[in-house]
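Examination of the molecular architecture
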Amino acid sequence: MWELVLKGIFSALFVASVLRISTPLILPALGGLISELSGATNIALEGIMLVAAFTGVVISAFTQNVWLGVIAGILSGMLVAAFLAYFHLYLGADLILSGIAINIMATGGTIFLLYVLTGDKGSSSTLASKAVPVINIPLIKDIPVVGTILSGHNIFTYLAFILTWFVSIYLYRTPQGVHLRAVGENPEAAASLGLNVRRIRLGALLMSGVLASLGGLNLSMAYLTLFQREMTAGRGFIALAAVFLGGRTPWGTLIAAILFGFFDALSNQLGSLAIPSQWVQMIPYAATVLALVVYSIRQRAQAVERARRFQEKHLAETRALGD
Amino acid sequence: MAVLVEMDQIIKIYPNGVVANDGVTFSVERGEIHALVGENGAGKTTLMKILYGEERPTSGVIRVNGRAVHFHSPQDAIQLGIGMVHQNFMQIPSLTVAENVVLGKEPTRRGLLDRKAAIQITEELSRQYGLKVDPEATIESVNVGMRQRVEILKILYRGAEILILDEPTAVLTPQETMELFKSIRTLVKQGKTVIFITHKLREVKEISDRVTVMRGGKVMGTLPTHEATREGLARMMVGRDVFLEVSKPLRARGEKVLEVRDLTYVSETGRQVLRGVSFSVYAGEILGVAGVEGNGQTELVEVLTGLRPATGGEARVLGTPILNRSPRAVRLAGVAHIPEDRLTNGLALTATINENLIVDRYFRPPFRRGWFIDNKEVRQHGQQLIERFDIRTPGGEVPVASLSGGNMQKVILAREFSSQPQLLIAAQPTRGVDVGATEFIREQLVEQRNRGTAVLLVSADLAEVMSLSDRLVVMYEGQITGVFPEAAKATEEEIGYYMLGVKRQSPEEMEAYL
């Protein structure tokens, strides 16, 4: 049995599945990163993903046009983000509380609308929703292992990597990105230079809304082609964890998100074993918690180690002086 | 000379009813260095914030070049060439010096930030006005003096003709202050106008052409600097004669109260903040700690008072170890603490004066009766201290938050002095306190010393540590780099070299005096 699992992991197909499964973590994580750096942590990524996933499915089913579904999904996610921004930035509501409220509303709201539209509270399987196309990269797709890994993904997966690069350039190379980081680091100073803190944070929250929406759409229009209740399953929060584990940088966030994706993929592989499925499904979440714990312990250990080394050096110096 | 800026009959009343400016008329001539002095709360900063568009006057007219203007934001002011350098720097720590200079008005190439151009701009301005900076260093890695020059470059980049500097020397060493003054003179030579807010009268004499004195929201007068004397200016500021120097009778020091040996502290981020600090404080002396802020003084005080854990070393008060004990245990060992940040560590702002006066003693009789606190005792205790320390308040039951800065500090003094400490640790005791209260606080510190308390005084105000201390040490990068057994005989310049790390004494040289 274990052999089968190991064989499964050390295969091109597994690597490809890691990329596929990481996509709905990378995209919202990038969104989380942007809003975090602007000083307005977006705790509502989860809810935004859910709303976008739902809207995309419904609109693509009714219009029978996959792109209209995608656009509607993005707009719906932006709308939710705009609500959050309005509550927090303009009405002065607490960001965390408003975010939690939005998440709860998204969970209940999508189930309610799903029931109204389909009569089903579980999934949208009765709706004929569309899926985004899969891209086979010419030439590369014919290279044996590499082709399997790199080719044949849906557009969201490619988008996730391209956007990481974009976000990186945006944040560090454009004036707007520098403004965004400035606002997050010292809003008072930014304001004193004529930067509009509120507007920049609004922009950041909207961008995070778009990115989280892409993550949600990836779930319901690529990974699966239907909407299921609570189908985001905490990915919005894991994405937020990836932002911090990744040291609040785009590439670090990408790597952290892929790490979480790896554990997710691993739990899929282990599904074939005779272990209770609840245990297996727990793996990605437990891995997230573990990763964050290890990360903080390491940081503390490093500080202690530095302190110890310094003290030894100091003792040696005083001893040398004594001689 | 032509009048450049005129502020006419400015009145500023804040929504809470505080009158910050009460009919102020103030004018600045082109090309002059104009010092604006006054106690804290005299309304100088408010007046300048109005000129800079950060605050709007309740009434009154501002004229620039003879034309009346209405500023809605600092951007309007900067458009007309008025720039202000705040006391707390408006900078982004993780960005470079050059990026901070151009922030909000960046040079771009094809939509991207043009870093090369930013560096070039910074270097050119830096050369033109003699403000030395390292354009590619991040702000978090440069010292306070450079950060201040960055702040000046920022407003010059935005085209400032009138530079308002709000207490620019408060954070500088004497040498850095001299550098700054040199730059200010260069700026003026090139046609700029400088308004210099300060409360250090010696600097007024040294740098300014004219001086305006404010008190209680009003202008007491404007005069050419060469006609002003320090004593005269002080009298205008306070409204009575002020004793700038505290007289201090000679007094033989007593037994060793605090002994610190090889104290080290490494911050959570792994920075080595204290690198083996050793010294003693004796009964009946004031040991002053001088140094540029950020060289470990804050951490030293917080480690000694139980607010931070020490990483290594020893500290004893009359033989009792105090390191890594709770603040209460440290206090019970006979330590009193006037903290640097009185709003966070010194007071519970929403609690009443009476409550703040018992936080270090409520658990002991007579305040504690069984499981309860004896409120009658608390009120009496509060009433006594309010009278003794002249705390201006309608009563002991008002929240501390409603008091002025000076009166808040008096609440802390009342609590700490009345605990009859063996050791008094005072960190920046007169920061942000007006001249009158400063005088009172200094007298009280000397009074404690005369009564035989050991006093450890940490202050960024060099003149203050020099005049109050019996002995003085200088801290630089987490170490004591110099000790002056007779503070009165040291010169500011000499101490300045130690503060900058240019000079240092060897451990052998210092040993006998620590």
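Residues numbered from 1 in each chain as written. Chains lettered and ligands numbered in written order. Predicted model: local features only at pLDDT ≥ 70, side-chain atom pairs only at ≥ 80, totals over all residues. Heavy atoms only, no water.

Brief notes about the overall build of chain B
Tallying secondary structure elements over chain B gives 18 helices and 24 strands in all. Its C-alpha radius of gyration of 24 Å places chain B within 12% of the 24 Å reference for a compact globule of 514 residues. If you line up chain B on its principal axes, its C-alpha atoms span 70 × 55 × 50 Å. For chain B, with 514 residues in total, the buried portion stands at 55%. (Helix = DSSP H or I, 4+ residues; strand = E, 2+ residues; numbered from the N terminus. Rg over C-alpha atoms; globule rule 2.2 N^0.38 Å. Buried < 20%, exposed > 50% of the residue type's maximum accessible area, 1.4 Å probe, protein only.)

A closer look at a nonpolar patch on the surface
Residues and elements named next belong to chain A. Where nonpolar side chains cluster on the molecular surface, the patch consists of Phe62, Phe112, Leu113, Val116 and Leu117 and spans about 520 Å² of accessible area. The biggest single contributor to the nonpolar patch is helix α5 (residues 95-118), with four residues. Checked against the element boundaries, Phe62 lands in helix α3 (residues 45-63). (Patch = residues over 30% accessible without salt bridge, like charges linked within 9 Å, V, L, I, M, F, W, Y side chains within 5 Å. Areas by Shrake-Rupley, 256 points an atom, 1.4 Å probe, with all protein chains shown as cover. Salt bridge = Lys/Arg side-chain N within 4 Å of Asp/Glu carboxyl O.)

Topic: the nonpolar core
In this structure, Phe227(A), Phe260(A) and Leu103(B) are the most contacted members of the largest nonpolar core, which totals 79 residues. The element contributing the most residues to this core is α3(A), with eleven residues. (Core = buried A, V, L, I, M, F, W, Y, C linked by side-chain atoms within 4.5 Å.)

Regarding the sheet that holds strand β21 (residues 423-427) of chain B
All names here are of chain B. Judged by pairing direction, the sheet is mixed, and its six strands sit side by side in the order β18-β21-β22-β15-β23-β24 without closing on themselves. The sheet is open, and its two edges are formed by β18 (335-338) and β24 (479-484), each paired on a single side. For this sheet, the mean inter-axis angle between neighbouring strands, taken without regard to orientation, is 20 degrees. On top of the sheet, helix α14 (residues 405-417) reaches β18 and β21; it is set at about 175 degrees to β18, its chief contact. Contacts between helix α15 (residues 435-450) and the sheet are confined to β15 (286-290), β21 and β22 (454-458), with β22 contributing the most and set at about 150 degrees to the helix. (Pairing = 2+ DSSP bridges. Axes fitted to C-alpha atoms, helices over the stretch in contact; angles between N-to-C directions. Contact = heavy atoms within 4.5 Å.)

Thoughts on the sheet that holds strand β16 (residues 312-317) of chain B
Residue and element names in this part refer to chain B. One open sheet accounts for four strands, arranged β14-β13-β16-β17; its pairing is antiparallel. A strand with exactly one partner marks an edge of an open sheet, and here the two such strands are β14 (272-282) and β17 (320-321). Summarising the sheet, β16 and β17 pair through two bridges and their orientation is antiparallel. By the bridge assignment for β17, Arg316 is matched with Pro321.

Things to note about the domain arrangement of chain B
Residues and elements named next belong to chain B. With domains assigned, chain B is organised as domain 1 (3-238) and domain 2 (246-331 + 456-514). Each partner contributes residues to the interface: domain 1 has six residues there, and domain 2 has nine residues. Taken as a group, Thr173, Pro174 and Gln175 account for 58% of the area that domain 1 buries against domain 2, more than any other trio of residues on that side. Scanning the region where domain 1 abuts domain 2 turns up one salt bridge. A salt bridge links Glu492 to Arg202; the shortest N-O distance between them is 3.4 Å. Looking at the side of domain 1 that touches domain 2, the element that brings in the most residues is helix α6 (residues 174-189), giving three residues. The residue makeup of the side of domain 1 that touches domain 2, split by class, is two nonpolar, two polar and two charged. (Domains from an automatic or database assignment. Buried area = accessible area lost by both parts, 1.4 Å probe. Nonpolar A, V, L, I, M, F, W, Y, C, P; charged D, E, K, R; others polar.)

Digging into the side chain of Gln148(B)
Mapped onto the elements of the fold, Gln148(B) is located in helix α5 (residues 144-157). Each residue touching Gln148(B), except ones within four places of it in the same chain, is listed here: Phe89(B), Pro168(B), Leu172(B) and Leu180(B).

Overview of the interface of chain A and chain B
Each partner contributes residues to the interface: chain A has 25 residues there, and chain B has 34 residues. Both sides together, the interface formed by chain A and chain B hides about 2,500 Å², and carbon and sulfur atoms give 60% of it. Run the count over chain A and chain B and you get five residue pairs in polar contact (both at pLDDT 80 or more). Among the elements of the structure, α7 (155-173), α8 (175-185), α9 (187-192) and α13 (277-322) of chain A are those that each provide at least two residues to the side of chain A that touches chain B. The element contributing the most residues to the side of chain A that touches chain B is α13(A), with seven residues. Taken together, the residues of the side of chain A that touches chain B sort by class into 13 nonpolar, seven polar and five charged. (Polar contact = N/O pair within 3.5 Å; in protein donor to acceptor, adjacent residues only side chain to side chain.)

What to know about the packing of aromatic side chains
Scanning the entire structure with this criterion turns up twelve aromatic pairs over all chains. The interplanar angle of 85 degrees and the centroid separation of 5.8 Å between the aromatic rings of Phe14(A) and Phe262(A) together place this pair among those described as edge-to-face. Of this pair, Phe14(A) sits in helix α2 (residues 12-37) while Phe262(A) sits in helix α12 (residues 250-270), placing them 248 residues apart in sequence. In this structure Phe262(A) comes out as partly exposed when scored by relative accessible area, which is 29%. Centre to centre, the rings of Phe181(B) and Phe196(B) are 5.7 Å apart; their planes meet at 65 degrees, and the pair counts as edge-to-face. (Phe/Tyr/Trp six-rings, centres within 6.5 Å; stacked < 30°, edge-to-face > 60°.)

Brief notes about the pattern of salt bridges
Where charged atoms of side chains with opposite charge meet at close range, the side chains can pair. Residue and element names in this part refer to chain B. Under the counting rule described, the total for this entry stands at 31 salt bridges over all chains. Between Asp461 and Arg442 there is a salt bridge whose closest N-O contact spans 3.7 Å. Separated by 19 residues along the polypeptide, Asp461 in the loop between β22 and α16 (462-468) and Arg442 in helix α15 bring together distant segments of the chain. Judged by relative accessible area, Asp461 falls into the partly exposed class, the value being 22%. Shared partners join several salt bridges into a network, and the residues in it are Arg331, Asp360, Arg361, Arg415 and Glu416.

Some remarks on the pairing of β15(B)
All names here are of chain B. A large share of β15 lies buried, amounting to five of its five residues. Bridge analysis of β15 against β22 gives four bridges, and the strand direction is parallel. Of the residues in β22, the one forming a bridge with Val289 is Val458. For β15 and strand β23 (residues 471-476), the ladder comprises four bridges, and the chain directions are parallel. Note that in β23 the partner of Leu287 across the bridge is Arg471.

Here we look at the packing of α3(A) against helix α10 (residues 197-223) of chain A
Residues and elements named next belong to chain A. Contact geometry for α3 and α10: axes closest at 7 Å, N-to-C directions at 55 degrees. The orientation of α3 with respect to α10, classified from their angle, is oblique. The handedness of the crossing between α3 and α10 comes out as right-handed. For the pair α3 and α10, contact is made by Leu45, Ile48, Met49, Ala52, Ala53, Gly56, Val57 and Ser60 and by Ser208, Gly209, Ala212, Ser213, Gly215, Gly216, Leu217, Leu219, Ser220 and Met221, respectively. (Parallel < 35°, antiparallel > 145°, perpendicular 65-115°, else oblique. Left-handed = near helix turned anticlockwise from the far one by under 90°.)

Some thoughts on the environment of Leu95(B)
Mapped onto the elements of the fold, Leu95(B) is located in the loop between β6 (82-85) and α3 (97-102). Under the relative-accessibility criterion, Leu95(B) is labelled buried at 1%. A sequence separation of 41 residues divides Leu95(B) from Glu136(B), and the C-alpha atoms of the two residues are 9.1 Å apart. If we ignore the near neighbours within four places in the chain, the residues touching Leu95(B) are Val178(A), Arg181(A), Asn100(B), Leu103(B), Ala137(B), Thr138(B) and Ile139(B).

Here's the deal with the packing of helix α4 (residues 66-90) of chain A against α10(A)
Residues and elements named next belong to chain A. Interaxial distance between α4 and α10 falls to 7 Å at its minimum, and their mutual angle equals 140 degrees. Considering only the axes of α4 and α10, their crossing is right-handed. Within the contact of α4 with α10, the residues separate by chemical class into 17 nonpolar, five polar and two charged.

What about unusual backbone geometry?
All names here are of chain B. The step from Pro365 to Pro366 runs through a cis peptide bond, and the omega angle for that step is 5 degrees. Along the chain, Pro366 turns up in the loop between α12 (353-358) and β19 (368-369). A positive phi is found at Asp262, a non-glycine position, where the angle reads about 50 degrees. Locating Asp262 in the fold gives a position in strand β13 (residues 256-266). Looking at Asp262, the relative accessible area reads 37%, which means it is partly exposed. Phi is positive for Gln420, which is not a glycine, with a value near 45 degrees. Within the fold, Gln420 resides in the loop between α14 and β21. What makes Gln420 exposed here is its relative accessible area of 67%.

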